[in-house]
Amino acid sequence: MLTKRIIPCLDIKNGRTVKGVNFVDLKDAGDPVELAKKYAETGADELVFLDISATEERRATLIDLVRKVAASTNIPFTVGGGISSVDDVAALLKNGADKVSINSAAVKNPDLINELAGKFGSQCVVVAIDAKKIDNRWLVHLVGGKVATELDLFNWAKEVEQRGAGEILFTSMDNDGTKNGFANEALTKLSQIVNIPIIASGGAGTMNHFTDVFTDGKADAALAASVFHFQEIGIPELKRFLKDKNIDVRI
Amino acid sequence: MKIAIIDYGAGNVQSVLFALERIGFQGSLTNDWNEMKSADKVIFPGVGEASSAMKKLKDCGLDILIPTLKQPVLGICLGMQLMCNSSQEGNTKGLGIFDVDVIRFSNSVKVPQMGWNTIYDLQSALFEGIKENEFMYLVHSFYAPKCKNAIATTDYESEYATALQKDNFYGVQFHPEKSGAAGEQILKNFLLLNSKS
């Protein structure tokens, strides 16, 4: 049985993890490599690194980080943040990233999805979609959620699947940071209209929220940051909890 | 030990190299015939689309060489699929080592299968020390149905051959290089196989 995945997300700035990482038993919680190893050992199924740095050297720093993570971590990981070209992706994959996630660049240039899928295979192309419910419509937002578009979440999801995305990472901006649970209604609808895996993001606060996102939300994977980084929820406990609720997880 | 990793421009070869390093071995990337023939072990990785990967193999003449290799050869993911008779993906003729035709999952399940699933009915020295129903990481839309070359099974939509063996040729649909400690153990088992096995 294919299991549901638990994915910690690490925000990276200039090669270091930022905000909210508070691991008591790590020597350097700012070191993404050490943190990645720690998560892999405690049962994370995958990792996502989201690069939020805006400097000139960002690309070189990120590639260096990808190599270090790939060398020391034995589970798959995705890299996202500011990726906008085939060359960016080639460099990340060549250095050991398993998947890349593209967001704003895909909206601005949807052909990029086709190009990436054709050149590297759908399996490594994750399209991240940030959306917010406005007047009863889920609208796609760009630039970390700052810029609203007229694009409908569900139409866009269908389009990215048709263009060759291998997976969708959906963040509900209405839920993100609230710790009130995932956007299960929108997630269920997404699962009904596309046939590629959906990673749910935004709203994790309790272990029950994870149960709900897999049962009610029909998500294939759940991503969270602060609940893991602040050790409010431990991944081994979470997985045992989910297993007790008859959700298939890797233990 | 000389470990040749076939580099034909299709696949996440760096992950395989790193995984070998983590278990104390050094692999070298190559598409050179002599280097491959003289290696103790050959690893044949691959991700992406079958017909374009096959074309790249042919460009290097590797479609001729690989079936003639005498040392243990391990195909991973698309590498394994290309070692089969054919793949439905791009109507691709394979290397014909494993006597099975690779087909696509139907849309009754999410495609690609992406994530951790179990392997069972383990029947090879490749799985020494690996427990039944161990988890492995898989990412694929096409699969090899159960057949006489099957040495392990996974269940997604139906039970299929998640690993294959014929003589010195081995293939795994999952990614041992990304499947935690158990995956690393399978790689180590492969490297420690007797060359004549």
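Bear in mind the structure is a predicted one, so any value in this text is a computation, not a measurement.

Rules used throughout
Residues numbered from 1 in each chain as written. Chains lettered and ligands numbered in written order. Predicted model: local features only at pLDDT ≥ 70, side-chain atom pairs only at ≥ 80, totals over all residues. Heavy atoms only, no water. Helix = DSSP H or I, 4+ residues; strand = E, 2+ residues; numbered from the N terminus. Rg over C-alpha atoms; globule rule 2.2 N^0.38 Å. Buried < 20%, exposed > 50% of the residue type's maximum accessible area, 1.4 Å probe, protein only. Contact = heavy atoms within 4.5 Å. Lys, Arg positive; Asp, Glu negative; His and termini not counted. Charge placed at Lys NZ, Arg CZ, Asp CG, Glu CD. Buried area = accessible area lost by both parts, 1.4 Å probe. Salt bridge = Lys/Arg side-chain N within 4 Å of Asp/Glu carboxyl O. Polar contact = N/O pair within 3.5 Å; in protein donor to acceptor, adjacent residues only side chain to side chain. Nonpolar A, V, L, I, M, F, W, Y, C, P; charged D, E, K, R; others polar. Axes fitted to C-alpha atoms, helices over the stretch in contact; angles between N-to-C directions. Parallel < 35°, antiparallel > 145°, perpendicular 65-115°, else oblique. Left-handed = near helix turned anticlockwise from the far one by under 90°. Pairing = 2+ DSSP bridges. UniProt positions renumbered as here; feature names shortened; annotations may be inferred.

Caption draft 1: Fine view of the overall build of chain A. Of regular secondary structure, chain A possesses ten helices and eleven strands. Scaling as 2.2 N^0.38, a compact globule of 251 residues should have a C-alpha radius of gyration of about 18 Å, and chain A matches this with 17 Å. Oriented by its inertia axes, the alpha-carbon framework of chain A measures out at about 45 × 40 × 35 Å. Residues counted as buried form 59% of the 251 residues belonging to chain A.

Caption draft 2: Representation of the overall build of chain B within the structure. Each helix and strand counted, chain B has six helices and 13 strands in total. Here chain B has a C-alpha radius of gyration of 15 Å; the compact-globule value for 197 residues is 16 Å, and the two agree. Its C-alpha atoms put chain B at 45 × 35 × 30 Å along the principal axes. Sorting the 197 residues of chain B into buried and exposed places 61% on the buried side. In chain B, once contacts between residues fewer than 6 apart in sequence are set aside, the share between residues at least 24 apart is 69%. Taken together, the 18 basic and 21 acidic charged side chains of chain B have centroids lying 3 Å from each other.

Caption draft 3: Spotlight on the interface of chain A and chain B. Taken together, the contacts link 37 residues of chain A with 29 residues of chain B. A buried area of about 2500 Å², summed over both sides, lies between chain A and chain B, and 52% of it is on carbon and sulfur atoms. The largest contributions to the chain A side of the interface with chain B come from L2(A), N74(A) and N195(A), which together make up 27% of the buried area. Here chain A is connected to chain B by two salt bridges. Ionic pairing is found between D220(A) and K110(B), a salt bridge with its closest N-O pair at 2.8 Å. Across the chain A-chain B interface, the total number found is 18 residue pairs in polar contact (both at pLDDT 80 or more). Within the residue set of the side of chain A that touches chain B, elements represented by two or more residues are α2 (58–72) and α3 (86–94) of chain A. Considered class by class, the residues forming the side of chain A that touches chain B number 15 nonpolar, eleven polar and eleven charged.

Caption draft 4: Structural detail: the packing of helix α8 (residues 207–215) of chain A against helix α10 (residues 235–244) of chain A. Residue and element names in this part refer to chain A. Viewed as axis vectors pointing N to C, α8 and α10 meet at an angle of 50°, and their least axial separation amounts to 10 Å. Compared by their axis directions, α8 and α10 come out oblique. You can see that α8 and α10 cross each other, and the crossing is right-handed. Between α8 and α10, the residues in contact are M207, N208, F210, T211 and F214 and E237, L238, F241 and L242, respectively. Classifying every residue of the contact of α8 with α10 gives six nonpolar, two polar and one charged.

Caption draft 5: Quick peek at helix α1 (residues 13–22) of chain B. All names here are of chain B. Burial within α1 is extensive, with eight of its ten residues counted as buried. Every buried residue of α1 is accounted for by V13, Q14, S15, V16, L17, F18, A19 and L20. Positive phi appears at G24, one or two residues downstream of α1, with a value of about 90°.

Caption draft 6: Representation of the pairing of strand β1 (residues 3–6) of chain B in the model. All names here are of chain B. Neither face of β1 is open: one carries I3 and I5, the other A4 and I6, and all of them are buried. As paired elements, β1 and strand β3 (residues 41–44) share three bridges and run parallel to each other. Bridging from a neighbouring strand, I3 pairs with K41 of β3. As paired elements, β1 and strand β2 (residues 27–30) share four bridges and run parallel to each other. Looking across to β2, one finds that I6 is bridged to T30.

Caption draft 7: Here's a closer look at the side chain of E161(A). Residue and element names in this part refer to chain A. Inspection of the secondary structure puts E161 in helix α6 (residues 153–163). In this structure the side chain of E161 is engaged in a polar contact, spanning 2.7 Å, whose partner is the backbone nitrogen of N195. Ignoring sequence-local partners within four residues, the contact set of E161 consists of I193, V194, N195 and I196.

Caption draft 8: Main features of the UniProt feature "active site" (unreviewed entry) in chain B. Residue and element names in this part refer to chain B. According to UniProt, the "active site" (unreviewed entry) feature falls on C77, H175 and E177. Of the residues just listed, which span 101 residues, no C-alpha pair is farther apart than 10.9 Å, and they cluster in one region. Looking at the secondary structure, you find C77 in the loop between β4 (73–76) and α5 (78–82). Each residue touching C77, except ones within four places of it in the same chain, is listed here: G46, V139, V172, Q173, F174 and H175.

Caption draft 9: Molecular detail of the UniProt feature "active site" (unreviewed entry) in chain A. Residue and element names in this part refer to chain A. Mapped onto this structure's residue numbering, the UniProt feature "active site" (unreviewed entry) falls at D11 and D130. With respect to the helices and strands, the residue D11 is situated in strand β1 (residues 5–13). On the accessibility criterion, D11 (15% relative accessible area) is buried. By secondary structure assignment, the location of D130 is in strand β6 (residues 125–134).

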